[in-house]
Amino acid sequence: MLKNERLHEFLCSRNEMMTEQWYESLDKSKKGIYSTTDPKEIEQLKKQNYDFHVLFCSMFSKNYDVFLVEFQYWIKQVAKDEAHLNTPLEEVLEEFFKTQKQYLKLIEEYYSLNKEQLSHEQYAEWNLGVVDAISEIIQEFTVQNTEASQIRLQAQQELIVEMSAPVILLSKDTGLLPLVGEINTYRSQVIFEKALEQSSKYNIDKLYIDLSGVPIIDTMVAQQIFQLIYGLKIIGVRTALSGISPEIAQTAVQLGIQFTGIEVYSTLVQAMEKTGVNA
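So, here is what we can say about the structure in this document. (Residues numbered from 1 in each chain as written. Predicted model: local features only at pLDDT ≥ 70, side-chain atom pairs only at ≥ 80, totals over all residues. Heavy atoms only, no water.)

### Focus: the overall build of the protein chain
Right, on to step 1. Along its length, the protein chain carries 11 helices and five strands.
Right, on to step 2. On C-alpha atoms alone, the protein chain measures out to a radius of gyration of 31 Å, which is more than a quarter above the 19 Å that the 2.2 N^0.38 rule sets for 279 residues.
Right, on to step 3. Taken along its principal axes, the extent of the C-alpha atoms in the protein chain is 95 × 40 × 30 Å.
Right, on to step 4. Put simply, the protein chain has 279 residues, and 42% of those count as buried.
Right, on to step 5. Nonlocal contacts in the protein chain, meaning residues at least 24 apart in sequence, comprise 75% of its contacts between residues at least 6 apart.
Right, on to step 6. When the accessible surface of the protein chain is summed, it comes to about 15700 Å², and 54% of that surface belongs to carbon and sulfur atoms. (Helix = DSSP H or I, 4+ residues; strand = E, 2+ residues; numbered from the N terminus. Rg over C-alpha atoms; globule rule 2.2 N^0.38 Å. Buried < 20%, exposed > 50% of the residue type's maximum accessible area, 1.4 Å probe, protein only. Contact = heavy atoms within 4.5 Å. Areas by Shrake-Rupley, 256 points an atom, 1.4 Å probe, with all protein chains shown as cover.)

Put into structure tokens, the structure is as follows:
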């Protein structure tokens, strides 16, 4: 039986002390939230730790399942905040284990003070309860933190992709779309949407699509380029392709890709010279 009001009170009376003790033990040389010197961040870090203790102590005064459910909010809030997302997960888990040691030491102290009223079995059960609870909290924290990290990474990647398809104005009615890096299905869709949107916004009459930064072209990439050219044609934008390297040309021939009816130039400078645009 984990419930014991006297142990609960004993532990809760030491919450603030445990937080200060924990903070002083932090390795301030490491990267992440634990080495911050920002007063507001330090205050927030201590509050999160203190709130942890308030919740954790309740394990000895409430039903264990209720205790775990009430802990979910704390776990989600801390696991998903920017400070902890910017801190290596292994460092965060290390602090959980330090906190576990704090509780085991305090329970040992409480048992030593009350040996006559307590059995060794009860003492062992409390220790096991602390270890099990910390393990479950760590497991849930890891899941929440990993999911939040993946969501943030995906959002960053999507932002990078969207920013990597800009239409640059060369003159009042002429634009350039420089493509750089690998073009996958998602990115090709973003390029398609952005090129149409920006060409319409800037009232572009002719758009140069430069492929010199694209390492390889395959059937999918070629198909997406054709769709983009056709879409631009529908809204009245003429196009010209430049930057067709010998490697891309060879691959295109091997794949049977035809650029019939499309202006194609080996370099962007050549394309602009042939069409009367000043480089």
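### Looking at the sheet that holds strand E3 (residues 206-213)
Right, on to step 1. Pairing in this open sheet of five strands is mixed, and the strands run E1-E2-E3-E4-E5 from one edge to the other. Each edge of the sheet is formed by a strand with only one pairing partner; in this case those strands are strand E1 (168-169) and strand E5 (263-264).
Right, on to step 2. Pairing geometry for strand E2 (residues 174-180) and E3, over six bridges, is parallel. Paired with Leu176 across the bridge in E3 is Tyr208.
Right, on to step 3. Packed onto the sheet, helix H9 (residues 219-234) meets E2, E3 and strand E4 (238-242) and runs at close to 165° relative to E3. (Pairing = 2+ DSSP bridges. Axes fitted to C-alpha atoms, helices over the stretch in contact; angles between N-to-C directions.)

### Looking at the pattern of salt bridges
Right, on to step 1. Scanning all chains against the criterion turns up nine salt bridges.
Right, on to step 2. Across the pair Lys98 and Glu95 runs a salt bridge, and its minimum N-O distance is 3.5 Å. With a gap of three residues between them, Lys98 and Glu95 both fall in helix H6 (residues 89-113), about one helical turn apart.
Right, on to step 3. Using a relative accessible area of 25% as the deciding quantity, one classes Lys98 as partly exposed. (Salt bridge = Lys/Arg side-chain N within 4 Å of Asp/Glu carboxyl O.)

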